[in-house]
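Examination of the molecular architecture
Okay, here's what each chain looks like letter by letter:
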Amino acid sequence: MKIRSNDYFKLKILLLVLLALALFVASFIIGRYAITMKTVIDIILAQFFDIPQYWDATLNTVILQVRLPRIMLAMMVGGALSVAGASYQTLFKNPMVSPDILGVSAGAGFGAALAMINNSTWWEIQTVAFIFGIIAVAAAYLIAHMFGDHTITVLILAGIVVSSLFQALISIVKTLADTENELPSITFWLMGSLGKGTMNDVYMMVPTLIISLGMIYFFRNQINTLAVGEDEAITMGVNVPLVKLVVIVSSTLMTVAAVSICGIIGWVGLIVPHLARMITGANYSKIVITSFLIGGAFLLIIDDIIRGVEGVELPLGVLTALVGTPVFVFLLSRVKKGWT
Amino acid sequence: MLTVEELSFYYDPDRMILKDISFSLETKDILCLLGPNGTGKTTLLRCLLALNKMKSGRLEIDGCDLTKANIKKRAEMMAYVPQATVMAFSYEAREIVMMGRVTHLASGGSASREDRKQVDEAMEKLGIRHMSRALFNEMSGGERQMILIARALVQQAKILVMDEPTANLDYSNQVKMLQVIKDLAEQGYSILMTSHFPDHAFLACNRAVLMRDGYIMSQGLPEDIVNTENLTKLYGTPVCVTEAKLDYQDRTIKVCVPVMN
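Everything in this summary refers to the structure shown in the same document. (Residues numbered from 1 in each chain as written. Chains lettered and ligands numbered in written order. Predicted model: local features only at pLDDT ≥ 70, side-chain atom pairs only at ≥ 80, totals over all residues.)

**Digging into the overall build of chain B**
Cut-off, in case you're wondering: Only runs of H or I of at least four residues qualify as helices and only runs of E of at least two qualify as strands under DSSP, and these elements are numbered from the N terminus. Using C-alpha atoms as the atom set, the radius of gyration is obtained and then compared with a globule rule of 2.2 Å times the number of residues to the power 0.38. The burial criterion counts other C-beta atoms lying within 10 Å of a residue's C-beta, which is placed from the backbone; the residue is buried at 20 or more, exposed at 12 or fewer, and partly exposed between these limits.
The number of helices and strands found in chain B is nine helices and 12 strands. Relative to the compact-globule value of 18 Å for 261 residues, chain B shows a C-alpha radius of gyration of 19 Å, a close match. Dimensions of chain B, computed from the C-alpha atoms along their principal axes, are close to 60 × 50 × 35 Å. Sorting the 261 residues of chain B into buried and exposed places 43% on the buried side.

Here it is in structure tokens:
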């Protein structure tokens, strides 16, 4: 019998959780310091249990303060971008929409760059990025409504316009930045990296994710109905303006939180939802879970590659594009029928 | 019972889209809304469904003022069957039907066994249970239309508003659709449908409303008002309503034929 993508949902989720856990543990042994798996597990267990320390003390720092936050951030950022992408795709009934296409990344990037040349603190960068992320999405949305009622093409064009605008503004900020410190840091930041991630970023990301994912999960059935169109959702009794607000606020919150921690990372939010649909079907209430797990695992693998390559730290956003484009071509060949 | 009284709608006060629309829909009624393209039929449906906000008039279901009811309450009283289109993503038919249960689900909760049972029963009732796992986008127009009716049924509203349920269907599917509509009315649903086939008023409906340029030209029993004179005036082109004797039965039916010079 043919196994349909909708079958065995719980089993598939269990397998994906196990895969993510395995990747999580395995990722600790990648990096400049060679550490055995047993040592990694003992170091982590030593935080909770009384285990005699037989390893070098620097390994504690390497595992708990360098690799642990980086691995956690990779999973959370990957998951967040993927859920944001899946939500936007369902809301706008369009498989080509991603958080970046609506301009949220460019907007947040501009906000962060602006904050950077003003010697802002991490919190200020985060706040300014968030505000500009919202402004970018709102602008794209308003432009689309001004010129094309509800048509998706106009919305995508509006997103491209807003993205370009904020890219231009980023260039202006770069021109104004001093070339010794500010410009390089903006440039590297925009290419994406998890290299500077600390436990503080984890503490910031966790509540953001819990709030955003909580809101999205709570409204998952309502968001799902948006796939047939806003008007039909209204006639089914869905409070569409509220649900739209939930999607936009949550997705933007997750995306700007991710962007302000590790810069602009493309492709993840676009392709992971499609992988998720291939595995567990189109239903939004399912892909919201599947996307998070696959997205987390996907970005973790990519960051592992970056950490595994010796001598140079490749930018994260560049590698997601390098890996993402062939995956996307593969998807195109697989789901011809699903997209019209 | 749905009562519409003096409903008006416009985008620009100098150009009225709907003028003083009044009609009522009783239990088990099948009301066919006829009229040329661009006459405001769809706008009227959109006003009833709260997709467009009517400018004046009254809208009541069993004495409950719909203009004051919230979206959820309205969805529990009135369900919409749109024209079937293709979706952006490949949903299974039963997932589309399940969407109709959305307001009945507990806040933040998932579909229960009871919800799934209702979905199965609605599809069984329409004879499409065997397609529940088929992909919506790969179904024929007639099949998709049935799925959307099933979705409206699980919404558990007693009034069904259908936008051209027979559009783009071949004869066999048109008849099947009209039969389903008649069966639903028998079961206690009230149906308001638009159509571009005046014949369908004779085949399935017990009430007809002729709409032209945003006002109601005539309403009543199909036998009384769907005639040569009214249809010619309604569509602005000669239409002949005549009787046809069926070859193999001792029975005549009324048919509408557009006439070309």
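The rest of the description comes next.
**Points about unusual backbone geometry**
Most peptide bonds take the trans form, and the phi angle of most residues other than glycine is negative. Positive phi, normally seen in glycine, also occurs at Asn119(A), with a value near 50°. Assignment of secondary structure puts Asn119(A) in the loop between α4 (104-117) and α5 (122-148). We classify Asn119(A) as exposed; it has 8 C-beta atoms within 10 Å. With phi around 45°, Asp20(B) is a residue other than glycine that occupies positive phi space.

**Observations regarding helix α9 (residues 228-235) of chain B**
Residue and element names in this part refer to chain B. What counts, and what does not: Here the arc refers to the set of directions running from the helix axis out to each C-beta atom. Two residues form a contact once the distance between their C-beta atoms, set from the backbone, is within 7 Å.
Buried within α9 are the following residues: Asn230, Leu231, Leu234 and Tyr235. Viewed along the axis of α9, the buried residues span an arc of 110°, placing them on a single side of the element. In the core, the buried residues of α9 are packed alongside β3 (30-34), β9 (207-212), β10 (215-220), α8 (222-225), β11 (239-245) and β12 (252-258).

**Structural notes on the sheet that holds β3(B)**
Residues and elements named next belong to chain B. Short version of the rule: A pair of strands is considered paired only if DSSP assigns at least 2 bridges between the two. Note on method: axes are straight lines fitted to C-alpha atoms, helices fitted across the in-contact stretch only, with angles between N-to-C directions ranging 0 to 180 degrees.
Ordered by their spatial adjacency, six strands build an open sheet running β6-β7-β8-β3-β9-β10, and the pairing between neighbours is mixed. One side of each edge strand has no neighbouring strand; the edge strands of this open sheet are β6 (78-81) and β10. This sheet shows a mean twist of 20° between the axes of neighbouring strands, independent of strand direction. When strand β7 (residues 159-162) meets strand β8 (residues 190-195), the two strands line up parallel, connected through four bridges. Pairing of methionine 162 across the sheet is with methionine 193, part of β8. Where helix α5 (residues 141-154) meets the sheet, its contacts fall on β6 and β7, and the angle it forms with β6 comes to roughly 170°. Contacts from α9 reach β3, β9 and β10 within the one sheet, and its direction differs from that of β9 by about 35°.

**A look at the environment of Pro184(A)**
Residue and element names in this part refer to chain A. Secondary-structure assignment places proline 184 in helix α7 (residues 182-191). Exposure remark for proline 184: the 12 C-beta atoms within 10 Å place this residue in the exposed category. Separated by 116 residues in sequence, proline 184 and leucine 300 have C-alpha atoms that sit 25 Å apart.

**Description of the pairing of β8(B)**
All names here are of chain B. In terms of residue burial, β8 counts as a mostly covered element, since six of its six residues are buried. Alternating positions in β8 separate into two faces, Ser190, Leu192 and Thr194 on one and Ile191, Met193 and Ser195 on the other, with burial throughout. Both β3 and β8 contribute to a ladder of five bridges, which runs parallel. Following the sheet pairing, isoleucine 30 is matched in β8 by isoleucine 191.

**Describing the interface of chain B and chain A**
Across the boundary between the two partners, chain B contributes 27 residues, which contact 26 residues of chain A. Secondary-structure elements contributing two or more residues to the side of chain B that touches chain A are α2 (71-77), β6 and α3 (93-99) of chain B. By residue number, the principal contributor to the side of chain B that touches chain A is α2(B), which donates four residues.

**Examining the sheet that holds strand β1 (residues 2-12) of chain B**
All names here are of chain B. Spatial ordering of the open sheet is given by β2-β1-β4-β5, a layout of four strands whose pairing is antiparallel. Lying at the two open borders of the sheet, with one neighbouring strand each, are β2 (15-25) and β5 (64-65). Sheet topology note: the β1/β2 ladder contains seven bridges and is antiparallel. Of the residues in β2, the one forming a bridge with phenylalanine 9 is leucine 18. The strands touched by helix α1 (residues 41-48) within the sheet are β1, β2 and β4 (56-61), with β2 carrying the most contacts at an inclination of about 65°.

Function-wise, these values are silent; they only describe arrangement.
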